[in-house]
Amino acid sequence: MANVTKLDCSGMLCPMPVVKTKKALKSMEVGDILEMVSTDPGSMPDMHAWAKQTGHELLESKDEGGNVFKFQIKKTH
Amino acid sequence: MAEKKKRLALVATKGTLDWAYPPFILASAAAAMDWEVGIFFTFYGLPLLNKEIDAKVSPLGNPAMPMKMPFGSKGFQNINWPMPNLLMANIPGFESAATGLMKKMFKNKGVASIEDLREACVDLDVRMIGCQMTMDVFGFSKEDFIPEAEVAGAAAFLAYAAEAEVNMFV
């Protein structure tokens, strides 16, 4: 079973959502899932770029409306 | 991933509060993407390596800097206050006031402080390299700097930068 870690980046601006995401992944096992919430619209393109660069899998990225963005990331290595 | 990491080489040459941001933001973002990152601090960028950062901002001679208040109603916060240079140059403590206002505005909007961003960089193994020549010129010693700081010259930094995919001068 994959463990799920939650990370709240609400209220944070660039570059903190990607920095916190990277930090959160450090203490997780390969295959585990990170659920991150942010309120910075810039985190949508940033998280896609981050996933492409790091090779971790962005399972889901959702614009929930009202400046709430939800991401699901699988640690792949 | 087994492939070679990408590398970002930055030169930080400015030590005001506003210009302290770009190198630390880019460095922490790149390191968060698993890139290798090195910042070469030279000239007025050197004080950013000090244990205590005392960066200030001056709107004097910077007509592009918005002069806005970090409190009051949204309409009030959006007013851009025109400040003639002559006035700014003559009000004692104007720079401290402007610095305080900028820090407050950044904090209110959710921007991390310079100290937090530098700490994130240190955590993510960003190499912080002080320029030996400008340290000698301006009288900095390695003991003034955070323990993670290294010291090197232009040739050493260029050798590092030659292997970087992305090079920037801030």
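Above this text you will find the structure in question.
For every chain, the first residue of the written sequence is number 1, and numbering continues from 1 onward in sequence order. Chain A is the first chain written and ligand 1 is the first ligand written, with later ones labelled in order. With the structure being a predicted model, the display of local features is reserved for residues of pLDDT at least 70 and the display and counting of side-chain atom pairs for 80 or more, all residues being used for whole-chain, interface and lining totals.

**Observations regarding the nonpolar core**
Across soluble globular proteins, you tend to see nonpolar side chains buried next to one another.
Then, in step 1: Each nonpolar core comprises buried Ala, Val, Leu, Ile, Met, Phe, Trp, Tyr and Cys residues, the members being joined through C-beta atoms within 7 Å. Here the C-beta atoms are placed from the backbone, and a residue counts as buried if at least 20 other C-beta atoms lie within 10 Å of its own, exposed if 12 or fewer do, and partly exposed otherwise. The biggest cluster of nonpolar side chains holds 54 residues, and the ones touching the most others in it are B:Leu10, B:Ala27, B:Ala30, B:Ala31, B:Ile39 and B:Phe41.
Then, in step 2: Here, residues touch in the contact sense if the C-beta positions derived from the backbone fall within 7 Å of one another. Filtering out sequence-adjacent residues up to four positions away, B:Phe41 remains in contact with B:Ala12, B:Leu46, B:Leu48, B:Leu49, B:Met128, B:Ile129, B:Gly130 and B:Cys131.

**Structural notes on the packing of helix H1 (residues 16-26) of chain A against helix H2 (residues 43-54) of chain A**
Relative orientation and spacing of two packed helices are given, respectively, by the angle between their axes and the distance between those axes.
Residue and element names in this part refer to chain A.
Then, in step 1: Remark: H1 packs on H2, axes separated minimally by 9 Å, with the N-to-C direction vectors making an angle of 40°. What the angle tells us is that H1 and H2 run oblique. The chirality of how H1 crosses H2 is right-handed. Contacts from Pro17, Val18 and Thr21 in H1 reach Ser43, Asp46, Met47 and Trp50 in H2.
Then, in step 2: Classifying every residue of the contact of H1 with H2 gives four nonpolar, two polar and one charged. Axes here refer to lines fitted to C-alpha atoms; in helices the fit is confined to the stretch in contact. Angles between the N-to-C directions go from 0 to 180 degrees. Numbering of helices and strands starts at the N terminus; helices are DSSP runs of H or I of at least 4 residues and strands are runs of E of at least 2. Roughly parallel covers angles under 35 degrees, roughly antiparallel covers those over 145, roughly perpendicular covers 65 to 115, and oblique covers all other angles. By the definition used in this description, the sense in which the near helix is turned from the far one sets the handedness, with an anticlockwise turn below a right angle giving left-handed and a clockwise turn giving right-handed. Three residue categories are used. Nonpolar comprises Ala, Val, Leu, Ile, Met, Phe, Trp, Tyr, Cys and Pro, charged comprises Asp, Glu, Lys and Arg, and polar comprises the others, including Gly.

**Notes on the environment of A:Gln72**
Residues and elements named next belong to chain A.
Then, in step 1: Mapped onto the secondary structure, Gln72 falls in strand E4 (residues 68-74).
Then, in step 2: Gln72 sits in the partly exposed class, given 15 other C-beta atoms within 10 Å.
Then, in step 3: Placed 31 residues apart in sequence, Gln72 and Pro41 show a C-alpha to C-alpha distance of 16 Å.
Then, in step 4: Excluding its chain neighbours within four sequence positions, the residues that come into contact with Gln72 are Ile33, Glu35, Leu59 and Glu60.

**A look at helix H4 (residues 94-109) of chain B**
All names here are of chain B.
Then, in step 1: Each residue after the first adds 1.5 Å to the expected span of a helix. A rise of 1.5 Å per residue sets the reference length of H4, with its 16 residues, at 22 Å; its end C-alpha atoms lie 23 Å apart and thus fit the reference within 8%.
Then, in step 2: Of the residues making up H4, those classed as buried are Ala98, Thr99 and Met102. Looking down the long axis of H4, one finds its buried residues gathered within 100° of arc, a one-sided arrangement. More than 90 degrees from the buried face of H4, the exposed residues found are Ser96, Lys107 and Asn108.
Then, in step 3: Its buried side turned inward, H4 meets helix H1 (17-32).
Then, in step 4: Gly110 lies just past H4 and shows a positive phi near 95°. Along the arc lie the directions from the helix axis toward the C-beta atoms.

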